[in-house]
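The chain contents come next:
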Amino acid sequence: MKQQLIFVTGASRGIGAAIALELATQGYQVGCLSRSGDLPSAPGTSPDIAARWHAVPCDVTQPDAVRNAMNTVVERLGLPVAGLVNNAGLHTEQPTIDLPAEEFQRLMNMNALSTLQVSQIVYPLLQANGGGLIVNIGSFFDKLGVKRNVAYCASKAAVGAITRCLAVEWAPAGIKVINIAPGYIVTDLNKDAMESDAFKAYLQRRIPGKQPGQARDVGAFVTSLFTTRCDFLTGETIYMDGAQAISA
Ligand SMILES: NC(=O)c1ccc[n+]([C@@H]2O[C@H](COP(=O)([O-])OP(=O)(O)OC[C@H]3O[C@@H](n4cnc5c(N)ncnc54)[C@H](OP(=O)(O)O)[C@@H]3O)[C@@H](O)[C@H]2O)c1
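Thresholds applied
Residues numbered from 1 in each chain as written. Predicted model: local features only at pLDDT ≥ 70, side-chain atom pairs only at ≥ 80, totals over all residues. Helix = DSSP H or I, 4+ residues; strand = E, 2+ residues; numbered from the N terminus. Rg over C-alpha atoms; globule rule 2.2 N^0.38 Å. Buried ≥ 20, exposed ≤ 12 C-beta atoms within 10 Å, placed from the backbone. Contact = placed C-beta atoms within 7 Å. Near = placed C-beta within 6 Å. Core = buried A, V, L, I, M, F, W, Y, C linked by C-beta atoms within 7 Å. Axes fitted to C-alpha atoms, helices over the stretch in contact; angles between N-to-C directions. Left-handed = near helix turned anticlockwise from the far one by under 90°. Nonpolar A, V, L, I, M, F, W, Y, C, P; charged D, E, K, R; others polar. Expected span 1.5 Å × (residues − 1). Bend = angle between axes of the 7 residues up to and from the residue. Pairing = 2+ DSSP bridges. Right-handed = clockwise from strand over helix to strand, strands pointing away.

### Examining the overall build of the protein
A count of helical and extended segments in the protein gives 8 helices and 9 strands. For 248 residues, the compact-globule estimate of 2.2 N^0.38 gives 18 Å, and the protein sits close to it at 18 Å. Judged by the C-alpha coordinates and their principal axes, the protein covers about 50 × 40 × 35 Å. The 248 residues of the protein split such that 42% are buried. Residue pairs in contact within the protein that sit at least 24 positions apart in sequence constitute 72% of those at least 6 positions apart.

### Comments concerning the site of the ligand
The environment of the ligand is made up of 29 residues, and the closest members are Gly10, Gly14, Arg35, Ser36 and Gly89. Those elements that provide at least two residues to the shell around the ligand are helix H1 (14-25) and strand E2 (29-34). The biggest single contributor to the shell around the ligand is H1, with 3 residues.

### Notes on the nonpolar core
Counting residues in hydrophobic clusters, the biggest one holds 62 residues, and the most contacted among them are Ile6, Val8, Ile19, Ala20, Val30, Leu33 and Val122. Once you skip the residues sitting within four places of it in the chain, valine 30 turns out to touch Ile6, Val8, Ala11, Ala20, Leu23, Ala24, Arg52, Trp53 and His54.

### Examining the packing of helix H3 (residues 63-77) against helix H4 (residues 101-128)
Contact pair H3 / H4: the axes reach a minimum separation of 10 Å and the direction vectors enclose 35 degrees. For the pair H3 and H4, the sense of crossing is right-handed. Counting all contacts with H3, which are made through Pro63, Val66, Arg67, Met70 and Val74, the residues of H4 involved are Gln117, Val118, Ile121, Val122 and Leu125. Of the residues in the contact of H3 with H4, the class split is 8 nonpolar, 1 polar and 1 charged.

### Observations concerning H4
Here H4 contains 28 residues, and its C-alpha end-to-end distance of 39 Å stays within 8% of the 40 Å for a straight helix at 1.5 Å per residue. The largest bend in H4 amounts to roughly 40 degrees and is located at asparagine 109. Those residues of H4 lying buried are Leu107, Met110, Asn111, Ala112, Ser114, Thr115, Val118, Ser119, Ile121, Val122 and Leu126. Packing partners of the buried residues in H4 comprise strand E1 (5-9), H3, strand E4 (81-86), strand E5 (132-137), helix H5 (150-170) and strand E6 (175-182). Positive backbone phi, at 80 degrees, marks glycine 130, one or two positions downstream of H4.

### A few points about the pairing of E5
In terms of burial, E5 is largely enclosed, as 6 of its 6 residues are buried. Neither face of E5 is open: one carries Gly132, Ile134 and Asn136, the other Leu133, Val135 and Ile137, and all of them are buried. Relative to E5, E4 runs parallel, the two being bridged by 4 bridges. Pairing of glycine 83 across the sheet is with leucine 133, part of E5. The handedness of the E4 to E5 crossover, carried by H4, is right-handed. Looking at chain direction, E5 and E6 are connected through 6 bridges and run parallel. Among the inter-strand pairings, leucine 133 is bridged to a residue of E6, identified as lysine 176. Read from E5 through H5 to E6, the crossover connection turns out right-handed.

Dropping the structure here:
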């Protein structure tokens, strides 16, 4: 495989770190963007795989910072850019009756607008490589009505809409756009909550396989979208929720 670069936002931990690990394992160089600029948290990773991670600090809600961060990695490596994974996201919840407009706006900015703007920034880099793939990380909440989650649900529904629009508009440039919408996924941050008796019982009731997903499940599937040649798949939202949302 020729050497190629893929950017992953929010790569320092959780699902983004799992995506960065799997991409690097498959031989890609990975531009890892997060506010901290930390390398992906993946204990035990071999030094030759970790050498394919290139971490740069930037806030995805600040377009100039994202542009500078991407340019830094591109200039350092001198490699073509094959793709982007818009993974960085924020979840908060509170009763809708008390939700301030500023909080709704904050989630829309972080989850939806940044997905659009980071995609706009990577567009010329992908175009210069004859096209590429943008994978957005949405959420299965995009099609659900979830109490206290109106801002998060709306922001992730917007990610699905952005995915469809960019896929249609950018197809002539050879750019595909796919939205992966996970269900409950265990990460370091939510592990304790997921292991609490009450939440475990809830997940066992709601998920047909009785277990939440793992970050590595998302990492493996997102990476397969880059490694598998399937030019006709674009614009879709693919749910990875263990069939939770379709179970009767
Ligand atoms: N975990 C789940 O169950 C689940 C389910 C469905 C969908 N998702 C979606 O999957 C994605 C990842 O979730 P996660 O659970 O892995 O989240 P997480 O563990 O909280 O990690 C978030 C990552 O994003 C980075 N980040 C946060 N704000 C940022 C900003 N403004 N600019 C740049 N980087 C930023 C964080 O690093 P810094 O703090 O250093 O910036 C971190 O690397 C999100 O879009 C989330 O909505 C998660």
